[in-house]
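Listed below are the residues making up each chain.
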Amino acid sequence: MSSSERLPKHIEDVLVTHRRGFLKNAGLLAVSFGFFGPATVEQVAAQSGEPAGSPGPYRDPDFHQIDSWIVIHEDNTATFYVGTTDPGQGTGTCFRQLMSDELDIAFDKTTCIMGSTDKTVDQVGSGGSFALERNSWPMRRVAAEARRVLLEMGSEHLGAPVDQLEVNNAVITLKADAPNNSAKRVTYGELIAGKRFNVTLTGSNVYAITGKAKTKSNPELKYAGQSIQRDDIPAKVDGSLKWAVDVKLPGMVHARNVKPPFACAKLTGIDESSVKSLPGFIKVLSKGNYVAVVCEREEQAIRAARQLKTTWNKPPTAPFPTSEDLFNYMRTATPVSDVRPGGPGESEPHPSSRSVAEGDSELRNQSSGRAASSGSGIQVPPSRPPAARNPEMREPVSGPMVVGNPDAAFSSAAKIIEAEYEIPFQGHTAFAGAHSLADPSNGQMTVYTNDMKSYSMRRGIATFLGMPHDNVRVVWMMGPQGFGRSAAEDAAFEAAWIARQIGRPVRMQWMREEETAWDTKGPAFLVKMRGALDSGGTLVAYDFHARSCDHNHVGYNEPDSVLIAQLMGTRRAKPAAGSAAMPSDMYAIPNRKMLGEVVGLPILWETPLRTGNLRDPNGPQPTFAAESFIDEAAAAAKTDPLEFRLKMLQASTQDDNGFRRARSIAVLKAASEAYGWDSRPSPKPIGKDNILTGRGVAYSFRGETVVAQIAEVEVNRQTGHVWAKRLVCAHDCGFVVNPASLRHTVECATLHGLSRALHEEVRFDTEKVTSRDWFSYPTLRHADIPQRIDIVLVNGDPNPNRPDLPPYGAGEAALKPMLAAIANAIYDATGARIRRVPFRNDRVLAALKAAGV
Amino acid sequence: MSRIDLKVNGRSHTVDVELDTPLLYVLRNDLDLRGPRFGCGLGQCGACKVIINGAAVFSCITPVSSVKSEVTTLEGLSQNGRLHPVQQAWIEDQAPQCGFCQNGQIITAKALLDKNPHPTDAQIREAMNGTLCRCMSYFRVQSAIKRAIKVMADGSHADAKEVVA
């Protein structure tokens, strides 16, 4: 069977065409592009003028077949098909490095196609920083198995046993010391191109699949560990990349939403005559409280959506307090649930409505189980209070987790300190505005999206539209950010619904004010903390009480919680509770009481204040509180804050968390050395200068990855302006596949943390979000950027006798401690403790005044 | 609808659109260019920027009928198959994360360096401050600008230096 029989015809066509196109443009692209780059089939198709897709239906690629993952071509190159997405953190290049190593093929003779449901197996897409930690393993095992099978074929071809053969760059030869050594050779392409492997892998789910071959150990890897340039960058720099926003199809029309003017508004009328005479007008579509307009051209749709006259009724009660009143509201609200035990900020508390692949839930449980036993250094006590059932919630309400005897420790303390921390809602506010193109041709539905979870989108849209699974496919393409459950999902459902209604390809894009106001939000947190110090200045007891405003946390691509379903009234009956995560530190504090509660806003549906996963979904908030509080305890003990932390990590304990403590100590020491930390208590003596300088430290785990950060700030006494002049991040995510790419991701995540520390806050009155653009929802800018950033890759196990630490997630961890590091630096510089995020000039100035600075 | 003549990246075009149509949609939807992108439609973020008369301009709030001079987009920066030194520096420093805003970063930097080939750090920050990045690639973008300054000063990209909007 030829390869063109194995693959849908158009893929072979476009691959061939693409190669031709490459050669034609080689002078331009050879700058640093791989032999042929990472373009998706659709990008390639569009660039080569091929039609955009096969007519369907679209069956799932079988993850048990090597042929679903790897295709080797006649010219001895390979294409890898992986079911993940890379919004720009370089994971696609890392997958190529690892698979090239396992297959024994030159990196620049490979390419990687990602995340389209009909071309690549379901590996969920991306999320949870699991790309290398979890998703790369099946890819590696498949590539290793392909190499094994090719060696067997080579053995037959060359007439020599496998153990006398070796492979270099996809060419099989006899080993130098083989009997009957000869110059005989055969390439992978000669052995397999145009044929199928026809090898069935074993394993019950995509994460468990394996062949007979073993993967290589870290020292055997040639490309992994190297700083190979990211293969997606050249096309992003020269303007040639086709993004999801760029897809155009014949007959395509443009849609724009008309959002309710306030939360939970009821549509009472549409005056279509207000737009009917506009040029290019096609239709107003409406169901329930969902309204959209469709026009021939994009600017026409924008105008029509703005001009359409609609009338709405307000809800009988205010949907929420103002952003200024939020924390007072949260303080007095009745909690609806508490956090499930254990999860220290794991990023995937809300898997899609269907469990991701069979068996994935098992992995998930193993993962969170690990976190539960080791993440916070505490055990769930046997004496939990009896559970009370809240009819709104999935989980029973239960009491705090207790270790030791905190009440006794507090009553005998030499000193007790208390503090309360406030972290507001923060948004994705993705560039572009959520967007998607949906094509209803041939009775199928093809959705072009940048959403990082193409597979759950396919299931969600099929369910939402009532279409058979095989009639829907989702094509992933590059887009802005990709930090969790963004509004990209909402836009895709909307485009698909409208396309189904009007029978033409529909391009939907949200405007800036929609995106900023209506995207999903990271939950606000209110955290009360108490600590007991003994007479020696040791923190002997600790009380952590978090409340997150996260009652209705929307999941990924859920057909009954996506915004259009809410507005149409086809939403689910009960909201999905979010969570309030615990701190992730490994401090040996003998007595702890930890409670996480969730509170809800008065109205949970059809509101722009809806929560969803935003990069490290509930990590930065409790970490800001916990790591600020440790600093407050160190100051109360008149001890250097770094030494205070190290002392609590080096204290003897009876638990089994020594390994995590050793890695915690390693990153703190690495950050300290890189910065040149001088030991002294905070705050430092405050002089008379207008600019006050100080430094702060914070650390946390995210999953198995541990990060320590040091910030050096300048605080302007007169304006309250804070500039982070220097940042240091020591980062240990185990084995590093691409150091340069990792540094890039860590640097940007660190600055994302800085943005959330200094600027980001969703503002609202009692009926609508008033953060609607880049001025009313400010983020970090060029002028805020530090003079110097040091990234220290600690790279793994402190024990040199264990070289095989696997890669852990790195997409989010460096965001987590940054908020506390900045607050601690402000305190060091000024003696003023700021406990409310973000540290805007006015808040800092007020804190300085309150502290008499 | 009105017929409007436009010169973009050295080529002349005639489009038939409303006079107040923002230049951005004409570039993207009529001329099939992908460099300029919608980020806000408000002239706040810079993702849509193009170069007109040597200045980096927000194409999302520029009516197409007001454009009287040649427009240069990201696609028009390379010359004779060679990337502009700013683009080359972007690759060397691996500046983008997702890359969606990088059109604005590159266009703004190019316009800055055309006017001021040796900006100070403070001038770079000031000139770039209205060009936003949600992935926070700012530190790399500033590094890449400094690399481009050096390369252009060394004159090692003589061909590319001739590319002027």
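Going by the structure above, here's the rest.
Parameters and conventions
- Residues numbered from 1 in each chain as written.
- Chains lettered and ligands numbered in written order.
- Predicted model: local features only at pLDDT ≥ 70, side-chain atom pairs only at ≥ 80, totals over all residues.
- Heavy atoms only, no water.
- Helix = DSSP H or I, 4+ residues; strand = E, 2+ residues; numbered from the N terminus.
- Rg over C-alpha atoms; globule rule 2.2 N^0.38 Å.
- Buried < 20%, exposed > 50% of the residue type's maximum accessible area, 1.4 Å probe, protein only.
- Lys, Arg positive; Asp, Glu negative; His and termini not counted.
- Charge placed at Lys NZ, Arg CZ, Asp CG, Glu CD.
- Phe/Tyr/Trp six-rings, centres within 6.5 Å; stacked < 30°, edge-to-face > 60°.
- Pairing = 2+ DSSP bridges.
- Contact = heavy atoms within 4.5 Å.
- Buried area = accessible area lost by both parts, 1.4 Å probe.
- Salt bridge = Lys/Arg side-chain N within 4 Å of Asp/Glu carboxyl O.
- Axes fitted to C-alpha atoms, helices over the stretch in contact; angles between N-to-C directions.
- Parallel < 35°, antiparallel > 145°, perpendicular 65-115°, else oblique.
- Nonpolar A, V, L, I, M, F, W, Y, C, P; charged D, E, K, R; others polar.

Concerning the overall build of chain B
A count of helices and strands for chain B gives 6 helices and 5 strands. Element order for chain B, N to C, with α for helix and β for strand: β-β-α-β-β-β-α-α-α-α-α. Relative to the compact-globule value of 15 Å for 165 residues, chain B shows a C-alpha radius of gyration of 15 Å, a close match. Expressed as a percentage of its 165 residues, the buried residues of chain B come to 60%. Taken as two groups, the 18 positive and 16 negative side-chain charges of chain B have centres that lie 5 Å from each other.

Considerations on the packing of aromatic side chains
Residue and element names in this part refer to chain A. Under the definition given, this model contains 13 aromatic pairs over all chains. When the centroid spacing of 5.6 Å and the interplanar angle of 75° are considered together, the rings of Phe320 and Phe764 count as edge-to-face. In this pair, Phe320 sits in the loop between strand 11 (309-313) and helix 10 (326-332) while Phe764 sits in the loop between helix 20 (739-758) and strand 29 (788-793), placing the two residues 444 residues apart along the sequence. Where Phe624 meets Phe839, the ring centres are 5.9 Å apart and the plane angle is 40°; that geometry is what we call tilted.

Considerations on the pairing of strand 22 (residues 539-549) of chain A
Residues and elements named next belong to chain A. With 10 of 11 residues buried, strand 22 lies mostly within the body of the structure. Bridge analysis of strand 21 (residues 524-533) against strand 22 gives 10 bridges, and the strand direction is antiparallel. Within the sheet, the bridge partner assigned to Lys528 lies in strand 22 and is His545. The loop that links strand 21 with its antiparallel partner strand 22 comprises 5 residues; one of these, Gly537, has a positive phi angle of about 80°. Direction of pairing for strand 22 relative to strand 24 (residues 591-599): parallel, over a ladder of 9 bridges. Paired with Ser548 across the bridge in strand 24 is Val598.

Things to note about the interface of chain B and chain A
In this complex, chain B contributes 56 residues to the contact, which on the side of chain A involves 73 residues. The junction of chain B with chain A conceals about 5,400 Å² of combined surface from both sides, 57% of it contributed by carbon and sulfur atoms. The largest contributions to the chain B side of the interface with chain A come from B:Arg34, B:Gln97 and B:Arg134, which together make up 17% of the buried area. In this structure, the connection of chain B to chain A is made through 6 salt bridges.

A few points about the packing of helix 17 (residues 620-636) of chain A against helix 18 (residues 641-650) of chain A
All names here are of chain A. At a closest axis distance of 9 Å, the pairing of helix 17 and helix 18 adopts a crossing angle of 105°. Viewed along their axes, helix 17 and helix 18 adopt a mutual orientation that is roughly perpendicular. Contacts from Glu627, Ile630, Asp631, Ala633 and Ala634 in helix 17 reach Pro641, Phe644, Arg645 and Met648 in helix 18. A per-class count over the contact of helix 17 with helix 18 returns 6 nonpolar, no polar and 3 charged.

Quick look at the sheet that holds strand 5 (residues 171-174) of chain A
Residues and elements named next belong to chain A. Overall, antiparallel pairing links the 3 strands, which are arranged 4-5-6 in an open sheet. Sheet topology places strand 4 (165-168) and strand 6 (185-187) at the edges, where each strand pairs with a single neighbour. Averaged over all neighbouring strand pairs, the angle between strand axes comes to 25°, with direction disregarded. Bridge analysis of strand 4 against strand 5 gives 4 bridges, and the strand direction is antiparallel. Following the sheet pairing, Val167 is matched in strand 5 by Ile172. The strands touched by helix 6 (residues 131-158) are strand 4, strand 5 and strand 6; relative to strand 4, the strand with the most contacts, the crossing angle is about 120°.

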